[in-house]
Amino acid sequence: MPVEPLPAKPSRYVIIAQLRLTSTQVFAEAISRLGTVCAVAESAWILASTYTLATIHNLLVQSLRPADRLFIVDIARDKASWTSYGPSEEARIRQMWAI
């Protein structure tokens with residue numbers, strides 16, 4: 001699937017992953033293919049990328065196993081994306097973004 005970067009300047013993303021079955025190194029390599037990356041904790045990164053939040057999410061999910069969690073924040077656009085959270089957790093996250 002070809003992915004199209006945004007034509008504008010890069011956006012900044014915070015990526016947090018709870019990796020239960022996926023190697024942190026493998027996941028970090030997947031992130032590094034999307035732009036300029038800086039690890040800020042064991043499973044947290046800041047990414048500067050011209051790809052959209054949806055594209056980054058879709059590409060990174062391919063590196064994960066079902067038990068892994070992913071949370072991405074597009075800092076510049078005040079948007080978030082996540083995977084593998086339960087219904088009550090998702091409701092709380094959505095509520096936080098509505099404040």
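Here's a quick rundown of the structure. (Residues numbered from 1 in each chain as written. Predicted model: local features only at pLDDT ≥ 70, side-chain atom pairs only at ≥ 80, totals over all residues. Heavy atoms only, no water.)

A word on helix 3 (residues 87-98)
Working step 1: Relative to the 16 Å expected for 12 residues at 1.5 Å per residue, helix 3 spans 16 Å between its end C-alpha atoms, a close match to the ideal helical length.
Working step 2: Judged by how many residues are buried, helix 3 sits mostly at the surface: 1 of 12 residues are covered. (Helix = DSSP H or I, 4+ residues; strand = E, 2+ residues; numbered from the N terminus. Expected span 1.5 Å × (residues − 1). Buried < 20%, exposed > 50% of the residue type's maximum accessible area, 1.4 Å probe, protein only.)

Considering the pattern of salt bridges
Working step 1: Inspection of the entire model under this criterion finds 3 salt bridges.
Working step 2: The partner of arginine 69 in a salt bridge is glutamate 89, and the shortest N-O contact between them spans 2.8 Å. One end of the pair, arginine 69, is in strand 4 (residues 69-74); the other, glutamate 89, is in helix 3, and 20 residues separate them in sequence.
Working step 3: Where glutamate 90 meets arginine 94, a salt bridge forms, and the shortest distance between an N and an O atom there is 3.5 Å. (Salt bridge = Lys/Arg side-chain N within 4 Å of Asp/Glu carboxyl O.)

Bear in mind that shape data such as this cannot, by itself, settle questions of function.
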